[in-house]
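Read off the chains here:
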Amino acid sequence: MRVSFKWLSDFVDITVPADELAHRLTMAGVEVGRVDCIGAGWENIYVGQVLSLRRHPNADRLLLATVDYGERTLTVVTGAQNMKVGDKIPLALIGATLIDGHYDDGRRITLKPSKLRGVVSEGMACSAKELGLSDEHEGILILDPEAQVGRPLADEMGDTILDIEPTPNRGDLLSIVGVAREVAALTGQQVRMPSIPEVPVRDIIGLEIQDPDLCSRYSASLIRGVRIGPSPKWMRDRLLSAEQRPINNVVDVTNYVMLELNQPLHSFDYSRISGGRIIVRRARGGEVLQTLDGTDRALSPDMLVIADARHPVAVAGVMGGYASEVTEATSAILLEAANFNPVSIRRTSQALRMATEAGRRFEKGMPAEQTVPALLRAIQLIVETAGGKAEPAIADCYPVKTPRRTIRLEEREVKRVLGIGFGPQRAGETLASLQFQCEVQDDALVATVPPHRPDVTLPADLIEEVARIVGYDAIPTTQLHGPMPEPVPTPDRGWEDRVRDLLVGCGLTEIVTYSLTSRERMERLLPSGDREMDDVGRAAAERVIVLDRGPVFLTNPLNVEMDCLRTTALGSMLETLHDNLRHTDKDLSLFEAGRVYLPRDGELPEERRVISVGLGGYRSGLGWGSRRETDFFDLKGIVEVLLERIEIPGVAFVAARHPSFHPGRCAALLAGTDKLVVGIIGEVSEAVARQFDIEQRVLVAGLDFELLLPLASAVPQVEAFSRFPALVQDLAIVVDEAVPAGEIDAWVRRAGGRLVRDVQLFDLYRGAPIPEGQKSLAYHIVYQSPDRTLTDEEVARQHQRIVGALAHQFKARVRE
């Protein structure tokens, strides 16, 4: 809401500078976003009148203008062609500071005496751009004919504009009078309301409210013999200061009163109101109304309309109809001031996608008591600016009257909330400055809330009003006293931070994605509805890719792309990988520690914490300019490091099948002595990658953090180094292609017992002379005892025991 000082001063005396007033308002909860001072730099600029114009003797495109500015006449040289004799213009004298119209960066120049083609220019006729009013530089700014010659331009056109940014509950601040009440309370002044004569109420038109639950009051007046034309300059200037476009005198008055008193109004061409009747009712099925913007609007029965005897003529509280619009041919107008249900107006505005200043005010809730004062004010201004004669009475239908609210405020409640008491007398005086009616009863204050403050409903609201007007700085600062509360341990949060630190240490970047998504976006993880998977893949999916349960849908979603809570975080990870792969194709390593939401019958959804990891593109190599494509083992290594550092026991990777992953490049993650399935990792299948518009290889992992937490240990598992030497034996065996290397590793450790210190796979070979369908695996096996030096014979016996165990378990044979 842009508030003009000139307009505001009609209602309250402004006794403090603009910056100080803006500070006081902001500190009282009425935020002032910006203060615009129009004309602050207009020294030595006056209103001048053109007395004569003649061609420059040495330049065909220049004019010599003789300009009177009260004290004397000057000759100025100008290239503008839009002036004529008698026009009033801004005249800058020598020494004035103006914006240089030849540049767009706002640089300023100081006017100096100059000679143009042999003729001295004693001043300068100014354009709107040179004055900082707009970007218009093609011609001289022509002032209103009523402007006073010789008057400083700052007095004629200058103003100070406060850009008020009210909170949603303060709809009363969307008006000049509403801001004036705040200024008066903060500066100790009185609010002056315009003098409006009262008129009786009579049935001057047929008026009926069929749905009083949506319209509590409807007031109307009839004015005949109006002459449609432009508004006077003072009204146009004030509307422009509030960023309202002037249209004609009747429409401008309705906008002017709305800005002044916070009551939207609407004017109808009375000759186009069938039957001379107004009926406020719900729309009927199939009704269509062409609104003022020329758009045909399909109406529904939950929308309120203003109708005549035949059809709707306006969408109540939102926009009028095109058929009853006031035009230049209008001579009789029906003027409306009404009060509508804010919820109904909000829903109608959203359904029709129509955002209007009137609807904005009705949505916040309006007092029904102000329809008649606003209507009478509009009648007064229309008769003044458009002529005509108003009916000596008005119509007023008021079926639903709201009683005034009273609130009792105890002094002990003030002390409890603020820590300081003001006393009922001072609190009452403060509230009275805001037009509350107050009375002290039994050491308590009983306040009657004014109609324009529907946001005040509780004693706490009264306390807030007193505190903000008295000033929050008046509340003394006190130190906390009493024992400090014991800290509540939150080990889960510590583990979350630990996991984040470890993944960042592995070179990953954390992302945070929305928990809101849509079912269609999640089901892209299952292309063509493919749900074929093995038992271990299904168990992993139940932890981190839950797509077989319906998600939890939102009642009022922001849009169709965010209408439910996600049941898997891997879709969000793939969307983020897609977004980033458009900008880089290397070293893209991401993770997220987030939540998924799984529905439960009759209960709130289960919030399951999960860890998602995503890799894509290429990895930078160790050599100059070298790089290689990210693969499964990069992702597996990251997961292994994470689980090792948080001491998860019994970690194993088991081949799994899941439709979201590439066959043969997917593994379920098992952990703990019970070998719980805690997650899944793998390369995303090409079909799924295409669903996310990804053309490169990408890999993802999903871990159930809820299952990992009980297995994690903050105490690292360590053992003493042996003081005795180790012996290393190599073992190369041939096994079937389907035998995982990890299982062989486990059996070597199991068969070797406590003497096997470490097992390392160092070679994988396929091809001749290895038979087809088999592979060769070569291991370093480290033997070491903690209490003695091993002999060659002991190591040989243990080595043979391992070979025998592998032959029995996997039908492995030692490679020759």
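For the structure itself, look to the data block above.
Let me begin by describing the structure that accompanies this report. (Residues numbered from 1 in each chain as written. Predicted model: local features only at pLDDT ≥ 70, side-chain atom pairs only at ≥ 80, totals over all residues. Heavy atoms only, no water.)

Description of the overall build of the protein chain
Stated precisely, the cut-off is as follows: In this description a helix means any DSSP run of H or I spanning at least four residues, a strand means any run of E spanning at least two, and both kinds are numbered starting from the N terminus. C-alpha atoms define the radius of gyration, and 2.2 Å times the number of residues to the power 0.38 defines the globule rule. Burial status follows relative accessibility: with a 1.4 Å probe on protein chains alone, a residue under 20% of its type maximum counts as buried, one over 50% as exposed, and anything between as partly exposed. Note on contacts: a residue pair qualifies if any of its non-hydrogen atoms lie within 4.5 Å across the two residues. Every accessible area reported is derived by Shrake-Rupley at a probe size of 1.4 Å, with residue values counting cover from the shown protein chains alone.
A tally of regular secondary structure across the protein chain gives 21 helices and 42 strands. Relative to the 2.2 N^0.38 estimate, which gives 28 Å for 816 residues, the radius of gyration of the protein chain is 41 Å and therefore markedly larger than a compact globule would have. Seen through its C-alpha atoms, the protein chain measures out along the principal axes to roughly 120 × 80 × 65 Å. Residue burial in the protein chain is summarised as follows: out of 816 residues, 48% are buried. Long-range pairs, those at least 24 residues apart, make up 69% of the contacts in the protein chain with a sequence separation of at least 6. Element-wise, carbon and sulfur atoms account for 49% of the exposed surface of the protein chain, whose accessible area totals about 41200 Å².

Brief notes about the sheet that holds strand S36 (residues 661–671)
Where we set the bar: Between any two strands, pairing holds if DSSP finds at least two bridges. To get an axis, a line is fitted to the C-alpha atoms, and for a helix only the part in contact is used. The angle between two axes follows their N-to-C directions and goes from 0 to 180 degrees.
Read across the open sheet, the 7 strands follow the order S28-S31-S32-S38-S37-S36-S35; overall the sheet is mixed. The strands lining the two open edges of the sheet, one partner per strand, are strand S28 (509–510) and strand S35 (652–655). Sheet topology places S36 next to strand S37 (residues 676–684); 7 bridges connect them, and they run antiparallel. By the bridge assignment for S37, Cys 666 is matched with Gly 682. In the packing of helix H13 (residues 491–505) onto the sheet, contacts are made with S28, strand S31 (588–600) and strand S32 (603–616), and the angle to S31 comes to roughly 150 degrees. Across the sheet, helix H15 (residues 535–544) lies against S32, S35, S36, S37 and strand S38 (698–704), angled at about 95 degrees from S37, the strand it touches most.

Quick word on empty space enclosed by the protein
Using the following cut-off: Both site types are read off a 1 Å grid over the protein atoms alone. A 1.4 Å probe that fits but cannot get out defines a cavity, while an open set with protein on both sides within 12 Å along at least five of seven lines defines a pocket; lining residues have an atom within 4 Å of a point. Grid points are joined across faces, edges and corners, and a volume is the space filled by probe spheres set on the points. Any residue outside Ala, Val, Leu, Ile, Met, Phe, Trp, Tyr, Cys, Pro, Asp, Glu, Lys and Arg is labelled polar, Gly included; the first ten of those are nonpolar and the last four are charged.
Considering all chains together, one arrives at 5 cavities of 30 Å³ or more under this definition. The volume enclosed by the largest cavity comes to roughly 100 Å³. As for the largest cavity, its lining consists of 15 residues, and the residues nearest its centre are Gly 171, Asp 172, Asn 262, Pro 367 and His 452. Counted by class, the lining of the largest cavity contains 4 nonpolar, 7 polar and 4 charged residues. Approximately 50 Å³ is the volume found for the second largest cavity.

Section: the nonpolar core
Let me state the cut-off plainly: Residues grouped as a nonpolar core are buried Ala, Val, Leu, Ile, Met, Phe, Trp, Tyr and Cys residues, joined through side-chain atoms within 4.5 Å.
Ranked by size, the top nonpolar core spans 72 residues in total, and within it Leu 25, Leu 162, Ile 164 and Ile 382 carry the most contacts. Here this core gets 9 residues from one element, more than from any other, and that element is helix H9 (residues 371–386). Once you skip the residues sitting within four places of it in the chain, Ile 382 turns out to touch Ile 223, Val 226, Val 250, Val 253, Ile 333, Leu 335 and Gly 387. Counting residues in hydrophobic clusters, the runner-up holds 38 residues, among them Leu 570, Leu 577, Leu 588 and Leu 670.

Quick look at the environment of Asp 758
Along the polypeptide, Asp 758 turns up in strand S40 (residues 756–765). Through-space distance from the C-alpha of Asp 758 to that of Gln 784 is 9.0 Å; in sequence the pair is 26 residues apart.

Some remarks on the layout of surface pockets
Taken as a whole, the largest pocket encloses approximately 1600 Å³ of empty space. Taken together, 40 residues line the largest pocket, and the ones lying closest to its centre are Lys 636, Glu 640, Phe 653, Ala 741 and Gly 742. Elements supplying a minimum of two residues to the lining of the largest pocket: helix H17 (632–645), S35, S36, helix H20 (741–752), S40 and strand S41 (774–783). Grouping the amino acids of the lining of the largest pocket by side-chain chemistry returns 22 nonpolar, 4 polar and 14 charged.

Comments concerning helix H10 (residues 411–418)
Quick reminder: α-helices carry 3.6 residues per turn. Residues three or four places apart thus point the same way. Short version of the rule: Working note: the arc is built from the helix axis to C-beta atom directions.
The complete set of buried residues in H10 reads Glu 411, Val 414 and Leu 418. Angular distribution of buried residues about the axis of H10 spans 55 degrees; they occupy a single face of the element. In H10, those exposed residues whose orientation departs by more than 90 degrees from the buried face are Arg 412 and Arg 416. For H10, the secondary structure elements touched by its buried residues are strand S25 (406–410), helix H11 (423–432) and helix H12 (459–470). Trailing H10 by a residue or two, Gly 419 shows a phi angle of about 80 degrees, which is positive.

So, the pairing of S37
Across the 9 residues of S37, 8 count as buried, placing the element largely inside the fold. In sequence, S36 turns back onto S37 through a hairpin of 4 residues, with Gly 672 there showing a positive phi of about 85 degrees. With 5 bridges joining them, S37 and S38 adopt antiparallel strand pairing. Directly across from Gly 679, in S38, lies its bridge partner Leu 703.

Describing the packing of H11 against H12
Here is the rule: Should an angle fall under 35 degrees it is called roughly parallel, over 145 degrees roughly antiparallel, and 65 to 115 degrees roughly perpendicular, with every other angle called oblique.
Two numbers describe how H11 lies on H12: the axes approach to 9 Å, and their chain directions differ by 85 degrees. Between H11 and H12, the interaxial angle falls into the category roughly perpendicular. Contact residues: H11 offers Arg 426, Ala 427, Thr 430 and Leu 431, while H12 offers Leu 462, Glu 465, Val 466, Ile 469 and Val 470. Of the residues assigned to the contact of H11 with H12, the class counts are 6 nonpolar, 1 polar and 2 charged.

What about the pairing of strand S26 (residues 437–441)?
A regular strand places its side chains so that they alternate between the two faces of the sheet. When S26 meets strand S27 (residues 444–448), the two strands line up antiparallel, connected through 5 bridges. Across the sheet, the residue bridging to Gln 437 is Thr 448, located in S27.

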